Amino acid sequence: MEEAKLKLTDVHKRFGSKVVLNGINLTVPKGKSVVVIGGSGTGKSVMLKSVLGIVKPDSGSIEVDGEDVMRLPANRKEEVLKKFGMLFQGGALFDSLPVWENVGFGLIQGQNMRRKEAKEIAIDTLAKVGMGAEVGELYPAELSGGMQKRVGLARAIATAPEIIFFDEPTTGLDPIMADVINDLIIERVQDLGATTLSITHDMASARKIADYIAMIYKGEIIWYGKKEDVDHSGNEYVDQFIHGRAEGPIQMEILKP
Amino acid sequence: MNIFAAVGRVVLALLAETGRLAVFAWVGVSHLLRPPFYWRQIGQQMLRIGYFSLPVVALTAFFTGGVLALQIYYGGDQFNSETIVATIVALGITRELGPVLGGLMVAGRASAAIAAELGTMRVTEQIDALSTLSTNPHKYLVVPRLMAAILTLPLLVFIGDVIGIFGGFIVGTQTLDFNAGVYVKNTYDFLEYDDITSGLIKAAVFGFIIALMGCFHGFNSKGGAQGVGRATTNAVVTASIFILAANYVMTSLLFSS
C-alpha cells in the first residue's frame, strides 16, 4: 500500500444550482504522478483549486500528508500550502514583472529571499527548462506560448515544492512543443522527487507523464488505475474519451442542426 | 406576482453585493495594519495613483478656481467683490470643490485603472497564481493600493487647493482687475486652518473609496474582456457615487458644530 501524499474524500462543491464536484474521491501516492482526464466542465480545475484553497468546497476532506487542510487554522494552512507549486493552463504569468521575477516570485515574496539571490536561482531554474539568462529580462508578453509554458513550469518548480499541479500543461501547443514540455515535466519532477497531480484532455501527454490515470465525469472519479491499464479499463466512458469518439455514453450538450 | 419576484431578486442581489463589499473592505482594512508590508508595491502605487494624477487634478483645480471667481463676480453684488471673490474661492476650493472634484477626477482615472488591472489579473488566473506562491492576494494587491490612495489623495488635494486658489487669483487680478496684494490678503485673512484640514480629511476618505471600489470590482470580475470592462465601469460609477454621498455625510459631521 503506497503512502498517500494527497487524499480527497467525498469532496462536494456546487455553484448555485450547478453541482461541480459530486463526491470526489482521489488518492495521489507520494512521489507518483496522477493524471486526471475528463471533458470540459467536468470539475477538473475546480478540484485543483479546492485543494489550493482558491475555491472552498462545501463538504468532504482534503488531506495533505495526513492533515485535513479544510479544517486547519489559517496560519497552519498557509504553511501546508507552501508545499505546492502549480503550472496554470494559460501560464498566469505576472505581466507587470520581468520573467526572472516571475520565476523568483515565490522565493522573494513567499520565502523573503533577497532579490539578488532569488534572481540567481531564477536564472538557474530557467536554464533547467531550456531558457537562457537573457530571457529573464524579457516580459511575459514578449514570449511565445511555448516559452510562457516553460516559464510557468520554471516558476512552479523554483521553490522546490513537494507537490506540483499541472493544469492542462500542453493545451494550445504544437505537438513537438507539447512533447518538449512533457519531457521537461518528467525530468524536473524526477529531480525534485515531487508528487504531481495533472489535469489534461491530451491523452498523449497523459500517457507520457502519468503513473496513474483517473477519469472524472460529472464531478466524480469514475475510473482510476495504472496508465498501462487505461486501454483495457472495461469502462465505456474511459474508452469513449481516450479514443475521442462522439458516440458513446458521454453526450455533449450540443443542439443538432 | 412576477414583479414582486423580480423586485425581490434585485433587493437580494443588492444586499448580497453590499455584504460582499463590507467583507472585502474589512479584510482590506485588517491587512492594512498587519505585516508583511510590500513597500515596493506601495511606492509604485503612490506613483501611479498620486503622482500621475497630478496633471489632471491640477488642471481641474486651476479652471475651477477661475470659473468660481467669474461666477461669484458676475452672479453676485459687484460692490465689495474684491473681498467676497477671494474669500469664497478660497473656502469653496478648500472645503468642497478641491476634494470632491479632485476625488472624482482620480476616481475616473485611478479607480478604472485599478479595476482593469486586477480584473485582467483575475480572468487570466494571475490572482490565483499569487495564492500558489505563498502570497496573500489581498495583502499584495489590495493593501498597497488602499494605502497609496489614502496617503496620496490628501497631498494631491492640497496641491489642488493651492492651484485652485491661484486660478481664482489669476482671473481676479488679470480679468477682473483686482489688486493682487488685497486679493492675497483677503484670502489669507478669511481662510482658516480647519477649512484646509477638513478638505484633506475628506480626501483621505475619498482615496480609500477610490482604491476600494477599483480593487473590489477588479477582484470580482469574471467573464473575460466584457467582464473586465464591466468591472471598470462599475468601479468608476460606484466610486463617484460613494464619494458624493460620503462628502455629504462628512460635511454634515465636520461643519455641524
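All values derive from a computational prediction rather than experimental measurement.

Draft legend 1. The pattern of salt bridges, seen in detail. Under the definition given, this model contains 23 salt bridges over all chains. With a closest N to O distance of 3.3 Å, Asp-128 of chain B and Lys-49 of chain A form a salt bridge. With one member in each of two chains, Asp-128 of chain B in helix H5 (residues 126–132) and Lys-49 of chain A in helix H1 (residues 44–51) form a pair that bridges those chains. Exposure class is identical for Asp-128 of chain B and Lys-49 of chain A. Each is buried. For Lys-82 of chain A, the salt bridge identified is with Glu-79 of chain A, shortest N-O distance 3.4 Å.

Draft legend 2. Representation of the packing of helix H1 (residues 2–32) of chain B against helix H8 (residues 193–219) of chain B within the structure. Residues and elements named next belong to chain B. Interaxial distance between H1 and H8 falls to 11 Å at its minimum, and their mutual angle equals 115°. The two elements H1 and H8 cross, and the hand of that crossing is right-handed. For the pair H1 and H8, the contacting residues are Glu-17, Arg-20, Leu-21, Phe-24, Ala-25 and Val-29 in the first and Phe-208, Leu-212, Met-213, Cys-215, Phe-216, His-217 and Phe-219 in the second. Split into classes, the residues belonging to the contact of H1 with H8 amount to ten nonpolar, one polar and two charged.

Draft legend 3. Geometry of the side chain of Ser-61 of chain A. Summarising the element assignment, Ser-61 of chain A is placed in strand E4 (residues 59–64). For Ser-61 of chain A, the contacting residues outside a window of four places in its chain are Lys-7, Leu-8, Thr-9, Val-11, Asp-68, Met-70 and Arg-71 of chain A.

Draft legend 4. Molecular detail of unusual backbone geometry. Residue Pro-35 of chain B is joined to Pro-36 of chain B through a cis peptide bond whose omega torsion reads 5°. In this structure, Pro-36 of chain B sits in the loop between H1 and helix H2 (39–50). Of note in the backbone geometry, Asp-65 of chain A takes a positive phi value of approximately 50° without being a glycine. Tracing the chain through its elements places Asp-65 of chain A in the loop between E4 and strand E5 (67–68). One non-glycine residue, Ala-92 of chain A, lies in the positive phi region at around 50°. Note on placement: Ala-92 of chain A falls in the loop between strand E6 (84–87) and helix H3 (99–103). You can call Ala-92 of chain A buried: its relative accessible area is 2%.

Draft legend 5. Region of interest: the environment of Asp-179 of chain A. Positionally, Asp-179 of chain A belongs in helix H7 (residues 175–192). For the pair Asp-179 of chain A and Pro-73 of chain A, spaced 106 residues apart in the sequence, the C-alpha separation amounts to 41 Å.

Draft legend 6. Structural detail: helix H6 (residues 145–158) of chain A. Residue and element names in this part refer to chain A. Over its 14 residues, H6 runs 20 Å from end to end, which matches the ideal 20 Å to within 8%, given 1.5 Å per residue. Counting buried positions along H6 gives eleven out of 14 residues, so the element sits mostly inside the fold. Of all the positions in H6, only Gly-146, Lys-149, Arg-150, Val-151, Gly-152, Leu-153, Ala-154, Arg-155, Ala-156, Ile-157 and Ala-158 are classed as buried. Among the residues trailing H6, Ala-160 stands out with phi positive, at a value near 50°.

Draft legend 7. The arrangement of the packing of helix H6 (residues 137–174) of chain B against helix H7 (residues 180–190) of chain B in detail. Residue and element names in this part refer to chain B. Between H6 and H7, the shortest axis-to-axis distance is 10 Å and the interhelical angle comes to 145°. The handedness of the crossing between H6 and H7 is right-handed. Between H6 and H7, the residues in contact are Ile-165, Gly-168, Phe-169 and Thr-173 and Ala-180, Tyr-183, Val-184 and Thr-187, respectively. When its residues are assigned to classes, the contact of H6 with H7 shows five nonpolar, three polar and no charged.

Draft legend 8. The sheet that holds strand E2 (residues 18–29) of chain A, seen in detail. Residues and elements named next belong to chain A. With respect to topology, four strands assemble into an open sheet ordered E2-E1-E4-E5, the strand pairing being antiparallel. With one partner strand each, in any of the chains shown, E2 and E5 form the two edges of the open sheet. Inspection of the sheet shows strand E1 (residues 4–15) paired to E4 by five bridges, in the antiparallel sense. Bridge assignment links Leu-6 to a residue of E4, and that residue is Val-64. Relative to the sheet, H1 contacts E1, E2 and E4, its axis offset from that of E2 by approximately 65°.

Draft legend 9. Local environment of the nonpolar core. Membership of the largest hydrophobic core comes to 80 residues, with the highest contact counts inside it found for Leu-6, Ile-24, Leu-26, Val-36, Met-47, Phe-165 and Leu-197 of chain A. Tallying contributions element by element places H6 of chain B first for this core, with eleven residues. If sequence neighbours within four positions are ignored, Ile-24 of chain A has contacts with Leu-8, Thr-9, Asp-10, Val-11, Met-47, Ile-216, Gly-219, Glu-220 and Ile-221 of chain A. The next biggest cluster of nonpolar side chains, apart from the first, holds 46 residues, and it includes Ala-156, Phe-166, Ala-178 and Met-215 of chain A.

Draft legend 10. Representation of the sheet that holds E6 of chain A. Residue and element names in this part refer to chain A. With mixed pairing, six strands are arranged side by side in an open sheet as E6-E7-E8-E3-E9-E10. The open sheet terminates on both sides in strands that have one partner only, identified here as E6 and strand E10 (220–226). On average, adjacent strands in this sheet sit at an angle of 20° to one another, irrespective of strand direction. Sheet analysis places strand E9 (residues 212–217) next to E10, joined by six bridges and oriented antiparallel. Opposite Tyr-212, over in E10, you have Lys-226 as the bridge partner. Most of the contacts of H1 go to strand E8 (residues 195–200), to which it runs at about 150°, and overall it touches strand E3 (33–37), E6, strand E7 (163–167), E8 and E9. Packed on one face of the sheet, H6 meets E6 and E7 and runs near 175° to E6.

Draft legend 11. Representation of the interface of chain B and chain A within the structure. Listed by partner, the interface residues are 15 residues for chain B and 21 residues for chain A. When chain B packs against chain A, the two sides together hide about 1,600 Å² of surface, and 57% of this comes from carbon and sulfur. Run the count over chain B and chain A and you get two salt bridges. Where chain B meets chain A, there are three residue pairs in polar contact (both at pLDDT 80 or more). Looking at the side of chain B that touches chain A element by element, the count peaks at six residues for H5 of chain B. For the side of chain B that touches chain A, the per-class residue count stands at six nonpolar, six polar and three charged.

Draft legend 12. Region of the structure containing the packing of aromatic side chains. Residue and element names in this part refer to chain A. Under the defined criterion, the tally for this structure stands at 17 aromatic pairs over all chains. Between Phe-94 and Phe-105, the ring centres sit 4.8 Å apart and the planes meet at 50°, which makes this aromatic pair tilted. In this pair, Phe-94 is assigned in the loop between E6 and H3 and Phe-105 in helix H4 (residues 105–110), connecting sequence segments eleven residues apart. In this pair, the class of Phe-94 matches that of Phe-105, namely buried.

What counts and what doesn't
Residues numbered from 1 in each chain as written. Chains lettered and ligands numbered in written order. Predicted model: local features only at pLDDT ≥ 70, side-chain atom pairs only at ≥ 80, totals over all residues. Heavy atoms only, no water. Salt bridge = Lys/Arg side-chain N within 4 Å of Asp/Glu carboxyl O. Helix = DSSP H or I, 4+ residues; strand = E, 2+ residues; numbered from the N terminus. Buried < 20%, exposed > 50% of the residue type's maximum accessible area, 1.4 Å probe, protein only. Axes fitted to C-alpha atoms, helices over the stretch in contact; angles between N-to-C directions. Left-handed = near helix turned anticlockwise from the far one by under 90°. Contact = heavy atoms within 4.5 Å. Nonpolar A, V, L, I, M, F, W, Y, C, P; charged D, E, K, R; others polar. Expected span 1.5 Å × (residues − 1). Pairing = 2+ DSSP bridges. Core = buried A, V, L, I, M, F, W, Y, C linked by side-chain atoms within 4.5 Å. Buried area = accessible area lost by both parts, 1.4 Å probe. Polar contact = N/O pair within 3.5 Å; in protein donor to acceptor, adjacent residues only side chain to side chain. Phe/Tyr/Trp six-rings, centres within 6.5 Å; stacked < 30°, edge-to-face > 60°.

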